[in-house]
Structures are given as structure tokens and as C-alpha cells.
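A closer look at the structure
What follows is each chain in one-letter form.
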Amino acid sequence: LAVRINNRGARLAPAQVTLAPRVVLLAEGAIDRAGGMPRYALQLFARGVPLHDALAFGRGLGIRTFQGLDATGSATATLHFAGSAWPLARPALTARAEIRSVRLLIPGLTEPLNLPHASVRVSGDQITVDPLVAVLGTSVFSAKLEHCGARRNPWRFDLRANSLNLEQGALWFDALGHRRPLPLLERLPGLASFADRRTAASQLFGSLAAEGRFSTPSLTYRGVTLKDFQGTFEAAGRTIRMKAAKFHASGGHGEASGEVDFSSAPPQLAANISLAGLPVEALTSRLPSALQGMRGAVMASGHFTTRGLGREELGDNLVGEATLRSKDLSFSDFDPLETLVRQAHWGTLEPVHGPQVAHSAATILEVASRRL
């Protein structure tokens, strides 16, 4: 170390500090008496530090956040500490870090989280991650994350995805049990201690504390596509709530809310859904050929609950009620009354002239025990 001291204070010349193999920092600092009360400043620079070694160093220090994490890739960071030297005060921190081409391994995820680019800024108790680009499967996520104040305060996020397939997304989580973890993850030192990976996944959901907005132009599940999906979400206390969501589907527009509760085993799910302005033509392809000429509009609303992890378990436990309301429903050449009379062998009806129209109708559907 080289330190120069004079009547204005002291200055530390740039010095190399090796915290661990391949974890090297460059440090320089000063104590300045120019303002009367001495103040100190310390700057640390890290360039191209391997994240695998940096996380191992953090685990060695007992930093709880780093336990179980591992990564490939490198980071460049600058940290600046400043405060009163006499009386000695806790420093104010400002920092900036850039990471590129990182693969982050998180207990509870069945595959690495690829981070092509992320930029982190710290100013006092304000943490901002912007931009953040992440890739899982075929989905590319871009996000802005913010945290302010005490550690218990939730993170705020604005998350966007180019597209999201919920069936594919279910494969990403060990807790859902749809895919065996990659053997690579079992061999990494940071994850080898997790004998029960589902416990790790449960801890992943349990540690979430965030609220914000998620949007994607295409959200799909088993052949159903919701377009221009956007919603506000909140995660806390092992519960993820969808407070409000809007979307378009098959020419109609809908709204939804719901929650997933991971505090019980198996998890509990509940959802409220409403759909308006849905053209009947969007549904007729699933109906018998005689009904495929129907025209009109349908409104639907319903409440559903279920529990489980896999599709079969969710289907077995699905309970709910929905109401369908149709307006100006035209049957075209199909005559429902004539068909009913003929099928019941009640005789014959005089043929009608012109299409049959039901100006308004309501249907209540109940779902339970895999029966509709």
C-alpha cells in the first residue's frame, strides 16, 4: 500500500486487493479535511470478475442471498463509499455493475436463467436494475426492477415478454414436477447440498416479495391464445396475486383476477374471469356442423378454484361456475325447436321462414368432479 499524508488529509494510491482466486479488486481512497470536518471516500473497481468465484466468496462470508446460487459469466463493477471520518459514520454507497452473457443457476428452476445483459445501479438505499434481459425457453423477458428502503420492502417491477407459453413455463419450476433437473445442476458445488430440490423451489416462492406489471402480446395455454395481455401482480407471503389483468381473445376482450397460494400443499388456485364481445363465430368451429353458421355475440363470466401441481391433478380438483349470456344469436338455417321436436318424436312443426334468432339467452354452467 502507498499512502500520502499531508495537512489536507491522506490519499491511498491505487492498490490491488485479491479477495479470492480470480476475484481481484482495484482500490483507491482518500481522507479530506478541506471542509473542516474530515470525510473519507473509497472506490473499488472490479473488471471481468468471474461470477462463479464471486458467489463462492459471498457464500464463504455467510451471505444468505448467495446460498445455493451459482453462475457462469463475468461482471464489471464500480463501488464508491463516502462518509464522515470523524466521528466515523456509516458510508453512503453508490455503485454500478454490468453483466453480460451470464447463466444464473437458481435452486427451484429446472434450467439456467440466461441473462444476456443487465445493468445495476445503487444509490444509498435505492437499487435499480435497468435494463434487464433474460431468456427462458423460447421466451425473452425485458424488465426494470427497483427496490427502495428497508430490506423487507417489496421490489417493484415492469416485466415484458415477447411471448409466453404457460405449458412450457410450467417446465421451468421443480415445484411443478414436470421435468427432471439438468444433471449439470446436480454437479455444481453451489447446488450439490440441496438433496430435496422441491424444498428449494418452495423457498424460491417463499422468498418472493414484489409487485408490478407484466405484459406480453401473446399468452398461450393448450391452444388458447390471449393477445395483448397486461396485468398487475403482487407476490408476498408465499402467495402470488393477479390483482387485475386485461386481454383480447378471439375477437372479444376480457378481464381476470386470481391468486396462487403456495403456503399449502398442494398449492391452491382461484380465478375470476369475464369476457365480453366474443363473436359466436369464434366458437362454432368446435360445434357440430349444423351449428357452424351461427352468428351473434356472447358474454361470459365465472369463478373457478382448484388445487394441485400437474394438469391431471388440477383438472380433478377443478370447481367453478360460469354464466354465458348471448345477444341476437342467429342460428342461420338451423331450427333448434324443429330439431328438438324431431329428436323427441313429438311430431312435426311448420317450417319457419327466415333465420331463427334468440334475442337474449342465459346459460349457467357448473364444473365439479370432471363433469360439466
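The text that follows walks through the structure, step by step, so that each part is easy to find.

Rules behind the numbers
Residues numbered from 1 in each chain as written. Predicted model: local features only at pLDDT ≥ 70, side-chain atom pairs only at ≥ 80, totals over all residues. Heavy atoms only, no water. Helix = DSSP H or I, 4+ residues; strand = E, 2+ residues; numbered from the N terminus. Buried < 20%, exposed > 50% of the residue type's maximum accessible area, 1.4 Å probe, protein only. Contact = heavy atoms within 4.5 Å. Areas by Shrake-Rupley, 256 points an atom, 1.4 Å probe, with all protein chains shown as cover. Core = buried A, V, L, I, M, F, W, Y, C linked by side-chain atoms within 4.5 Å. Salt bridge = Lys/Arg side-chain N within 4 Å of Asp/Glu carboxyl O. Phe/Tyr/Trp six-rings, centres within 6.5 Å; stacked < 30°, edge-to-face > 60°.

Tallying secondary structure elements over the protein chain gives six helices and 19 strands in all. A total of 372 residues make up the protein chain; the buried ones form 33% of that total. Relative to all contacts within the protein chain whose residues are 6 or more apart in sequence, the contacts with residues 24 or more apart total 47%. Here the protein chain has roughly 22400 Å² of accessible surface; of this, 58% comes from carbon and sulfur atoms.

Here is a general trend for soluble globular proteins: nonpolar side chains tend to be buried in one another's company. Ranked by size, the top nonpolar core spans 36 residues in total, and within it Leu 113, Leu 115, Phe 141, Phe 214, Phe 229 and Phe 247 carry the most contacts. Apart from the residues within four sequence positions on either side, Phe 247 is in contact with Leu 226, Lys 227, Asp 228, Phe 229, Gly 252, His 253, Gly 254, Glu 255, Ala 256, Ser 274 and Leu 275.

Examined against the element boundaries, Glu 338 turns out to sit in helix α6 (residues 336–343). The spatial distance from the C-alpha of Glu 338 to the C-alpha of Leu 349 is 6.1 Å, given a sequence separation of 11 residues.

Here helix α1 (residues 51–60) has its buried residues at Leu 51, Asp 53, Leu 55, Gly 58 and Arg 59. Those residues of α1 that are buried lie in contact with β3 (23–32), β4 (39–50), β5 (70–84) and β6 (92–105). Backbone geometry just after α1 places Gly 62 at a positive phi near 85°.

Attention now moves to the pattern of salt bridges. Counting across every chain of the model gives 11 salt bridges. Connected via shared salt-bridge partners are Glu 234, Arg 241, Lys 243 and Glu 259.

A word on the side chain of Thr 128. Checked against the element boundaries, Thr 128 lands in strand β8 (residues 126–136). For Thr 128, the contacting residues outside a window of four places in its chain are Ser 119, Val 120, Arg 121, Lys 144, Leu 145 and Glu 146.

In this structure, the amide linkage connecting Trp 86 to the following residue, Pro 87, adopts the cis form with an omega of 0°. When you line up the elements, Pro 87 lands in the loop between β5 and β6. In the segment running from Asp 130 into Pro 131, the intervening peptide bond is cis, with an omega of 5°. The backbone phi angle of Arg 22 is positive, close to 70°, even though this residue is not glycine.

It is worth spelling out the packing of aromatic side chains at this point. Evaluated as defined, the whole model comprises two aromatic pairs. Between Phe 214 and Phe 233, the ring centres sit 6.4 Å apart and the planes meet at 75°, which makes this aromatic pair edge-to-face. Of this pair, Phe 214 sits in strand β12 (residues 210–221) while Phe 233 is found in strand β13 (residues 224–236), placing the two residues 19 residues apart along the sequence. For Phe 233, a relative accessible area of 19% corresponds to the buried category.

The next point concerns the environment of Phe 66. Here Phe 66 lies in the loop between α1 and β5. By relative accessible area, Phe 66 is classed as partly exposed at 25%. Each C-alpha atom, one on Phe 66 and one on Ala 56, is 8.0 Å from the other, the two residues being 10 residues apart in sequence. Apart from residues lying up to four places away in sequence, Phe 66 is in contact with Leu 55, Gly 58 and Arg 59.

Along the polypeptide, Gly 258 turns up in strand β15 (residues 252–261). Gly 258 sits 12 residues away from Ala 270 along the chain, and the two C-alpha atoms are 5.3 Å apart. In contact with Gly 258, other than residues within four places in its own chain, are Ile 240, Arg 241, Met 242, Ala 270 and Ala 271.

Shape is all these values report; function is a separate question.
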